[in-house]
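Chain by chain, the residues:
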Amino acid sequence: MSRQMKGNLILLLTAFVWGMGFVSQSLGMEYIGPFTFNCLRNIIASLFLIPCIYFLQKISGEKTKPMTKAEKKYLFKGGFFCGTALFVASSFQQIGIKYTTVGKAGFITALYVIIVPILGIFMKKKVAPKIWISMVIAVTGLYLLCINESLSIQYGDILVLACAFGYSIHILVIDHFSPHTDGVKMSCIQFMVCGIISIIPSLIVETPVLGDILKSMLPILYAAIISSGVGYTMQIVAQKNTDPVVASLILSLESVFSVLSGWAVLGQSLSLKEIAGCVLMFGAIILAQLPEKKKKKKKKKKI
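Just so it is clear, the structure is predicted and the values come from calculations on it, not from any experiment.

## Some details on the overall build of the protein chain
Here's step 1: Each helix and strand in the protein chain was counted, giving 13 helices and zero strands.
Here's step 2: Counted from the first residue to the last, the protein chain has its helices and strands arranged as α-α-α-α-α-α-α-α-α-α-α-α-α.
Here's step 3: Reported as C-alpha extents along the three principal axes, the dimensions of the protein chain are approximately 85 × 60 × 45 Å.
Here's step 4: Put simply, the protein chain has 303 residues, and 46% of those count as buried.
Here's step 5: Surface summary for the protein chain: the accessible area is close to 16,900 Å², and the carbon and sulfur share equals 70%.
Here's step 6: Counting 30 positive and 13 negative side-chain charges, the protein chain places the centres of these two groups 18 Å from one another.

Next comes the structure, spelled out in structure tokens:
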């Protein structure tokens, strides 16, 4: 088996792990609140990534030079801003899942693929025609998926849509900092920052009880270690041996797996109208990630 095929299979497993993560997020809130769940999930994920960073360096065989004060400052600055953006996005998602199905949450969250380039307009970045087409298709799919017979959208769907915008900002922040620092180390810091910030609303809005936390420990550990820690690490390792466009297409299957896992584990089902909405949204996500054909430059004839 080629390295690229192995990489693609690992990415497929990553998409499955992330899709199942929506189920763990839903099950985790049977006994504890969303902020308590996010607090524990992110702090555990951060602690789990510390040995992962060490082993990844050992596997790569690369000798790392000690970081300068400026590099450390930049790393922690990036981790702080990424963690803050992650807190906003994950909070909207975690609360939203309480009021909608994991399948809907998976597809609405995946809209960040289209929202990111749209937000790029404010950063003076050009938006390709396919993105505008994708947006129209996605909005149509979102209408079929979320708008009910009374022409109203569910509270949970609105929160998850806000989460999609939050993750879009999170991606743009990562895009700004990651080229100039270690991505895995920054991820480790962002998880810790997100977890620490989550402590404040968890103590103000919720009442964390040790017994309830222990009852929710399995979903918390899955979301923290498998979905965040292992999932992120698998993505880093796999993308070294595969094409980034293929990687993004495979990872977008996360939304499909979220629907299947919600049906298989939680018994949540979608109507034909909602399934049609999912199909349209998935098509829009795929279209947004397809590479554009490069225009061939016309060669000037020599006289």
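## Digging into the side chain of E254
Here's step 1: By secondary structure assignment, the location of E254 is in helix α12 (residues 254–266).
Here's step 2: No salt bridge is formed by the buried E254; the nearest opposite charge belongs to R41, separated by 8.0 Å.
Here's step 3: The residues contacting E254, other than those within four sequence positions of it, are A15, W18, G19, F22 and Y112.

## Observations regarding the environment of Q94
Here's step 1: Here Q94 lies in helix α3 (residues 69–96).
Here's step 2: For Q94, a relative accessible area of 0% gives the class buried.
Here's step 3: Measuring from C-alpha to C-alpha, the distance between Q94 and G106 comes to 12 Å, with twelve residues separating the pair along the chain.
Here's step 4: Those residues in contact with Q94, other than ones at most four positions away along the chain, are Q25, M29, P34, F37 and N38.

## What about the packing of helix α4 (residues 102–109) against helix α6 (residues 129–146)?
Helix packing for two helices is described by the angle between their axes and how far apart those axes are.
Here's step 1: Viewed as axis vectors pointing N to C, α4 and α6 meet at an angle of 165 degrees, and their least axial separation amounts to 11 Å. With respect to each other, α4 and α6 are oriented roughly antiparallel. For the pair α4 and α6, the sense of crossing is left-handed. Of α6, the residues touching α4 (which contributes K104, F107 and I108) are L142, L145 and C146.
Here's step 2: When the residues that make up the contact of α4 with α6 are grouped by side-chain class, the tally is five nonpolar, no polar and one charged.

Conventions and cut-offs
- Residues numbered from 1 in each chain as written.
- Predicted model: local features only at pLDDT ≥ 70, side-chain atom pairs only at ≥ 80, totals over all residues.
- Heavy atoms only, no water.
- Helix = DSSP H or I, 4+ residues; strand = E, 2+ residues; numbered from the N terminus.
- Buried < 20%, exposed > 50% of the residue type's maximum accessible area, 1.4 Å probe, protein only.
- Areas by Shrake-Rupley, 256 points an atom, 1.4 Å probe, with all protein chains shown as cover.
- Lys, Arg positive; Asp, Glu negative; His and termini not counted.
- Charge placed at Lys NZ, Arg CZ, Asp CG, Glu CD.
- Salt bridge = Lys/Arg side-chain N within 4 Å of Asp/Glu carboxyl O.
- Contact = heavy atoms within 4.5 Å.
- Axes fitted to C-alpha atoms, helices over the stretch in contact; angles between N-to-C directions.
- Parallel < 35°, antiparallel > 145°, perpendicular 65-115°, else oblique.
- Left-handed = near helix turned anticlockwise from the far one by under 90°.
- Nonpolar A, V, L, I, M, F, W, Y, C, P; charged D, E, K, R; others polar.

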